[in-house]
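Structure at a glance
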Amino acid sequence: MEKVPVTRRDSDEIDEFFDGAGSFADLMFGFMDGSNGSDEQNLDDFVGGDDEDEAQIEQRRVFWETQEQLLQATLFRTTTIELRIRRATKEALRDLHTVGVQCACRRPVVGDCRKCMQRELSDRLQSLGFNCYICKSKWKSSPEIPPGEHTYLEVLDQSDPKKGDVRVVIELNFRAEFEMARANDDYNKLIAMLSELFVGKTERLKAVIKILCVAAKTCMKEKKMHLAPWRKHKYMQAKWLGTYERTTPAPLPVGSRPQKPKASLLTFDLRQNLPAMHYTAVEVVW
């Protein structure tokens, strides 16, 4: 098993395929790496109080419409490499859901095991010629956010020497990462636009995180609630865009994959071991 520590280079640049969507979001809402005092004041002015006037209502409507347009433009634009990886990932997932993934963990998990699913998916994408790795990010606590860790998949595309290494992130539970129990209808509408499977370049992911985090912050302001620290921009960025460890898992040898546990019923075991015999049910009375 190969482990390579990697630190992502900080960048405020959004790739050209966004056609300025990222910079437009920064200009409108100013939430690049968290928020400062002036941003807090701007949001307070934007949200208003119980006696908000028509101008504030119109500002809110324009804000949410703009967020929706930004998110739609960011999600639905794609590149050739992203499209190839997305198609291969969806096909592999369909196959895995059909045949099932047997949990090989020390303590087997009932149902879909995220760790084993990632291992199997990484193995299949590697067999298709993609440089697919399992990445584990881990960050320490700070005055703004608590510590945490997260695992996801990454494909490293090296097909274009001019561009160098291009990271494409694969997240299997993307929508769930942004869902909030007490969100308003406007925020939930944005979340409904997300697919559970995300496949995209880090620049695209960075833009999506920014759009959704400022929406989450505004949503909580409107509801006069505190934004949880694990919903903040810096915390969400750390999951996929911070320091991480890249791992190439060794696939399980053929024939060594764990078998599905058999039922403990005696009759079932007998049928498995002696399939040619006939059985008669007998009621025992005493």
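Residues numbered from 1 in each chain as written. Predicted model: local features only at pLDDT ≥ 70, side-chain atom pairs only at ≥ 80, totals over all residues. Heavy atoms only, no water.

What to know about the overall build of the protein chain
Secondary structure summary: the protein chain contains 10 helices and 6 strands in total. Counting across all 286 residues of the protein chain, residues that qualify as buried make up 41%. Considering only contacts in the protein chain between residues 6 or more positions apart, those separated by 24 or more positions represent 68%. When the accessible surface of the protein chain is totalled, it reaches about 17,400 Å², and 52% of it is carbon and sulfur. (Helix = DSSP H or I, 4+ residues; strand = E, 2+ residues; numbered from the N terminus. Buried < 20%, exposed > 50% of the residue type's maximum accessible area, 1.4 Å probe, protein only. Contact = heavy atoms within 4.5 Å. Areas by Shrake-Rupley, 256 points an atom, 1.4 Å probe, with all protein chains shown as cover.)

Side note on the nonpolar core
One finds Phe178, Tyr187, Leu194 and Trp240 to be the most contacted residues of the largest nonpolar core, which totals 36 residues. Listed by contribution, the elements that provide at least two residues to this core are helix H3 (54–76), strand E2 (132–139), helix H6 (174–178), helix H7 (185–192), helix H8 (202–222) and helix H9 (233–241). Listed in part, the 23 residues of the second largest apolar core include Cys103, Val168, Ile170 and Leu172. (Core = buried A, V, L, I, M, F, W, Y, C linked by side-chain atoms within 4.5 Å.)

Considering the confidence of the model for the protein chain
Per-residue confidence for the protein chain gives a mean pLDDT of 78; residues scoring 70 or more make up 66%. Within the model, pLDDT remains below 50 along residues 253–270, and this stretch shows 18 contacts once partners closer than five positions in the same chain are excluded. (pLDDT = per-residue confidence, 0-100.)

Concerning the packing of aromatic side chains
Taken as a whole and assessed by the stated rule, the structure comprises 7 aromatic pairs. Each ring, one from Tyr152 and one from Tyr244, has its centre 6.3 Å from the other, and the planes form 55 degrees; the classification is tilted. With Tyr152 in strand E3 (residues 148–157) and Tyr244 in strand E6 (residues 244–248), this residue pair connects regions lying 92 residues apart in the sequence. The pair Tyr152 / Tyr244 is uniform in exposure class, with both members buried. Ring plane angle 55 degrees and centroid distance 5.8 Å describe the contact between Phe174 and Trp240, whose orientation is recorded as tilted. Placement of Phe174 in helix H6 and of Trp240 in helix H9 is noted, with a sequence separation of 66 residues between them. Overall, the relative accessible area of 0% leaves Trp240 in the buried class. Members of the aromatic cluster, each reached through a chain of ring pairs, are Phe174, Phe178, Phe198 and Trp240. (Phe/Tyr/Trp six-rings, centres within 6.5 Å; stacked < 30°, edge-to-face > 60°.)

A closer look at empty space enclosed by the protein
According to the stated counting rule, one finds 1 cavity of 30 Å³ or more in the structure shown. Computed from the structure, the largest cavity encloses a volume of approximately 40 Å³. Broken down by element, the lining of the largest cavity gets its largest block of residues, 3 residues, from H8. (1 Å grid on protein atoms, 1.4 Å probe; cavity = no way out; pocket = protein on both sides within 12 Å on 5 of 7 lines; lining within 4 Å. Points joined across faces, edges and corners; volume = space filled by probe spheres on them.)

What about the packing of H7 against H8?
Here H7 crosses H8 at 160 degrees, and the two axes come no closer than 9 Å. Comparing the axis directions of H7 and H8 gives the class roughly antiparallel. Note on packing geometry: the crossing formed by H7 with H8 is left-handed. Only Leu212, Ala215, Ala216 and Cys219 of H8 make contact with H7, whose side of the interface consists of Tyr187, Leu190 and Ile191. Residues belonging to the contact of H7 with H8 are distributed by class as follows: 7 nonpolar, no polar and no charged. (Axes fitted to C-alpha atoms, helices over the stretch in contact; angles between N-to-C directions. Parallel < 35°, antiparallel > 145°, perpendicular 65-115°, else oblique. Left-handed = near helix turned anticlockwise from the far one by under 90°. Nonpolar A, V, L, I, M, F, W, Y, C, P; charged D, E, K, R; others polar.)

Remarks on the environment of Phe198
Mapping Phe198 onto the fold places it in strand E5 (residues 198–201). Distance in space between the C-alpha atoms of Phe198 and Thr89 is 10.0 Å, their sequence separation being 109 residues. Beyond its immediate chain neighbours, meaning those up to four positions away, Phe198 contacts Val169, Ile170, Glu171, Phe174 and Leu205.

Brief notes about helix H4 (residues 80–99)
Across its 20 residues, H4 extends 29 Å between first and last C-alpha, which sits within 8% of the 28 Å expected from 1.5 Å per residue. Considered for burial, the residues of H4 that qualify are Ile81, Glu82, Ile85, Arg86, Ala88, Thr89, Ala92, Leu93 and Leu96. Looking at the packing, one finds that the buried side of H4 touches helix H5 (114–127), E3, strand E4 (166–171), E5 and H8. Of the residues flanking the end of H4, it is Gly100, one or two places downstream, whose phi is positive at about 85 degrees. (Expected span 1.5 Å × (residues − 1).)

Some thoughts on the side chain of His150
Residue placement: His150 occurs in strand E3. When its relative accessible area of 8% is taken as the criterion, His150 is described as buried. Looking at His150, its side chain comes within polar contact range of the side chain of Glu171, at 2.8 Å. Ignoring anything within four residues of it in the chain, the contact list for His150 reads Arg114, Cys135, Lys136, Ser137, Trp139, Glu171, Glu177, Lys239 and Trp240. (Polar contact = N/O pair within 3.5 Å; in protein donor to acceptor, adjacent residues only side chain to side chain.)

Focus on the packing of H4 against H5
Two numbers describe how H4 lies on H5: the axes approach to 10 Å, and their chain directions differ by 125 degrees. It follows that H4 is oblique to H5 by the angle criterion. Between H4 and H5 lies a crossing of right-handed hand. Within the contact between the two elements, H4 uses Ala88, Thr89, Ala92, Leu93, Asp95, Leu96, His97 and Val99 and H5 uses Met117, Glu120, Leu121, Arg124 and Leu125. Broken down by class, the residue content of the contact of H4 with H5 amounts to 8 nonpolar, 2 polar and 3 charged.

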